[in-house]
Amino acid sequence: MKFVYKLERKFGRYAVRNLSFVLICCYAVGYVLQLVDADILSWLTLNPYLILHGQVWRLVSWIVIPPEGFGFFTLLMLYFYYAIGTMLERTWGAFRYNFYIIGGILFTILGSFATMGYAYLVYGDEIRLLGAKVFFTNNMFAASWFTLFSTYYVNMSIYLAFAATFPEQVVYLMYVLPIKIKYLGIMYAVMIVYQFITFGPVGRIIIGASLLNFVVFFLLTRNYKRISPQEISRKRKFRRAVREGARGDNTVQFRGKNVITRHRCAVCGRTELDDDSLEFRFCSKCDGNYEYCSDHLYTHEHVNGNGAKDLQ
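In this text, all values refer to a predicted model and were calculated from it rather than measured experimentally.

Cut-offs used in this document
- Residues numbered from 1 in each chain as written.
- Predicted model: local features only at pLDDT ≥ 70, side-chain atom pairs only at ≥ 80, totals over all residues.
- Heavy atoms only, no water.
- Helix = DSSP H or I, 4+ residues; strand = E, 2+ residues; numbered from the N terminus.
- Buried < 20%, exposed > 50% of the residue type's maximum accessible area, 1.4 Å probe, protein only.
- Contact = heavy atoms within 4.5 Å.
- Areas by Shrake-Rupley, 256 points an atom, 1.4 Å probe, with all protein chains shown as cover.
- Core = buried A, V, L, I, M, F, W, Y, C linked by side-chain atoms within 4.5 Å.
- Salt bridge = Lys/Arg side-chain N within 4 Å of Asp/Glu carboxyl O.
- Phe/Tyr/Trp six-rings, centres within 6.5 Å; stacked < 30°, edge-to-face > 60°.
- Patch = residues over 30% accessible without salt bridge, like charges linked within 9 Å, V, L, I, M, F, W, Y side chains within 5 Å.
- Lys, Arg positive; Asp, Glu negative; His and termini not counted.
- Charge placed at Lys NZ, Arg CZ, Asp CG, Glu CD.
- Axes fitted to C-alpha atoms, helices over the stretch in contact; angles between N-to-C directions.
- Left-handed = near helix turned anticlockwise from the far one by under 90°.
- Expected span 1.5 Å × (residues − 1).
- Disulfide = S-S within 2.5 Å.

Enquirer: Account for the overall build of the protein chain, naming residues and giving values.
Expert: Secondary structure summary: the protein chain contains 13 helices and 8 strands in total. Counting all 312 residues of the protein chain, 37% fall into the buried class. In the protein chain, of all internal contacts separated by at least 6 residues, the share reaching a separation of at least 24 is 56%. Of the roughly 19300 Å² of accessible surface on the protein chain, a fraction of 63% belongs to carbon and sulfur atoms.

This is the structure we're talking about:
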């Protein structure tokens, strides 16, 4: 957490405001390019081989590639992601939301280079036979890997972050069925785990790299003091003190149940459960926490430091 605080103090002023809207504008550009000429997108994919050979714009241009085809349902999903992304930005602050999204983008870029490393490791003989340029650009089998790198799973990580931050938030599925966001988050997580298991090695790299920001961000911002041995011991002592207090003098039988009262007269033992009109006060002249009802506040014997009683 201190690491994130330090970064925010140093670079917070450079955070991009309303980043969700910026991402949606990038998708809009991608959809327009797709309508004009779908082949243009092949010049924008996250292909690490071409990046290392001068086409450095691909480090950024892949962000405009739409995560899915255009349609009415896509518009609804983009609006949904804009809404939850904006809420996260308002809750976390612009810098932390930028840190989260940019982290997902950087991990995805690293994942593309890891995919190229995997190709050299597994298909080394074929790469030497065809040549690296042919294998990574003209070979449909390998070139198709890098078309899979998009912001789809980065968007999924936004939803998972929202579910982890607002688990009790209620959304209306298809604008009709109310459901808590944590249940949709669990459903998303199960779907991602299923895809991770069933997809091949490259698919696993894409999923793992894109969602690594979710794991790293919540590990960095987690309050580990809550699970420290000292904090656990303190909570255990507090619960024990509460249980002992429940067995103390302030526990009375009321309607067949043990009830802990807030007030109890040190003289007559009456509580607020006996009479709603009773008023209770602590005596400033008694040594200790002695509370008296209105009938005995001025007529009781004061208790001194030795436990002896002095007359009023």
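Let's pick the thread back up.
Enquirer: Account for the nonpolar core, with residues named and values stated.
Expert: If you look at soluble globular proteins, the nonpolar side chains tend to sit buried side by side. Ranked by internal contacts, the top residues of the largest apolar core, which has 50 residues, are Leu88, Ile101 and Phe136. No other element matches the 8 residues that helix 10 (residues 152-165) contributes to this core. Ranked by size, the runner-up nonpolar core spans 9 residues in total, among them Leu278, Cys283, Tyr292 and Leu297.

Enquirer: I'd like a rundown of the pattern of salt bridges, residues and numbers included.
Expert: Enumeration according to the criterion identifies 6 salt bridges in this entry. Glu168 serves as the salt-bridge partner of Lys180, at 2.7 Å between the closest nitrogen and oxygen. Remark: Glu168 occurs in the loop between helix 10 and strand 1 (170-173) and Lys180 occurs in strand 2 (residues 177-180); sequence separation between them is 12 residues. According to the relative accessible area criterion, Lys180 is partly exposed, its value standing at 31%. Residue Glu168 is classed as partly exposed on the basis of its relative accessible area, which comes to 43%. Note that Arg281 and Glu279 form a salt bridge whose closest N and O atoms lie 3.6 Å from each other. Bridged by salt links that share partners, the residues Glu168, Lys180 and Lys182 form one connected network.

Enquirer: I'd love a proper account of the side chain of Thr115, names of residues and values included.
Expert: Relative to the elements of secondary structure, Thr115 occurs in helix 6 (residues 94-122). Here Thr115 falls in the buried class, since its relative accessible area comes to 0%. Discounting residues that sit within four places of it in the chain, Thr115 has contacts with Trp145, Phe146, Phe149, Val202 and Ile205.

Enquirer: So, unusual backbone geometry: which residues are in play, and what are the values?
Expert: At Asn18, a residue that is not glycine, the phi angle is positive and equals roughly 55°. Within the secondary structure, Asn18 sits in the loop between helix 1 (2-11) and helix 2 (19-36). For Asn18, a relative accessible area of 30% gives the class partly exposed.

Enquirer: Requested: an account of the packing of aromatic side chains, with residues and values cited.
Expert: The full count for this structure, using the stated rule, is 12 aromatic pairs. Within the aromatic cluster, the residues linked to one another by ring pairs are Tyr49, Tyr118, Tyr120, Tyr123, Phe135 and Phe136.

Enquirer: Any details on a nonpolar patch on the surface? Residues and values, ideally.
Expert: On the surface, Val56, Leu59 and Val60 cluster together to form a nonpolar patch covering roughly 250 Å² of accessible area. Tracing the sequence through the fold places Val56 in the loop between helix 3 (48-52) and helix 4 (58-61).

Enquirer: I'd like a description of a positive patch on the surface, backed by residues and values.
Expert: A cluster of like positive charges, contributed by Lys2, Lys6, Arg9 and Lys10, occupies part of the molecular surface. Position of Lys10 relative to the elements: it lies in helix 1. Judged by its relative accessible area of 52%, Lys10 falls in the exposed class.

Enquirer: Can you tell me about the packing of helix 6 against helix 10, naming the residues and giving the values?
Expert: Each packed pair of helices is defined by two parameters, the angle between the axes and the distance between the axes. Between helix 6 and helix 10, the shortest axis-to-axis distance is 10 Å and the interhelical angle comes to 145°. The interaxial crossing formed by helix 6 with helix 10 has right-handed handedness. Seen from helix 6, the contacting residues are Tyr97, Tyr100, Ile101, Gly104 and Thr108; seen from helix 10, they are Val154, Ser157, Ile158 and Ala161.

Enquirer: So what's going on with helix 10? Residues and values would help.
Expert: Under the 1.5 Å per step criterion, the end-to-end length of helix 10 is 20 Å for 14 residues, consistent within 8% with the ideal 20 Å. Across the 14 residues of helix 10, 11 count as buried, placing the element largely inside the fold. Taken residue by residue, helix 10 has Tyr153, Val154, Asn155, Met156, Ser157, Ile158, Tyr159, Leu160, Ala161, Phe162 and Ala163 as its buried positions.

Enquirer: Which residues make up the state of the cysteines, and what values do they have?
Expert: The final tally for this structure, using the stated rule, is 0 disulfides. Unpaired in this structure, Cys25 has its nearest cysteine sulfur neighbour in Cys26, at a distance of 7.1 Å. Owing to a relative accessible area of 35%, Cys25 belongs among the partly exposed residues under this scheme. In this structure Cys286 is not part of a disulfide, and its nearest cysteine sulfur, from Cys283, lies 3.7 Å away.

Enquirer: Lay out the environment of Gly288 with the relevant residues and their values.
Expert: Assignment of secondary structure puts Gly288 in the loop between strand 5 (280-282) and strand 6 (291-293). A relative accessible area of 45% means that Gly288 is categorised as partly exposed.

Enquirer: Break down the environment of Ile109 for me, citing the residues and quoting the values.
Expert: Of note, Ile109 is situated in helix 6. Residues Ile109 and Asn47, 62 residues apart in the sequence, show an inter-C-alpha distance of 9.2 Å. Ile109 has contacts with Leu46, Leu59 and Trp62, leaving out every residue within four places of it along the chain.

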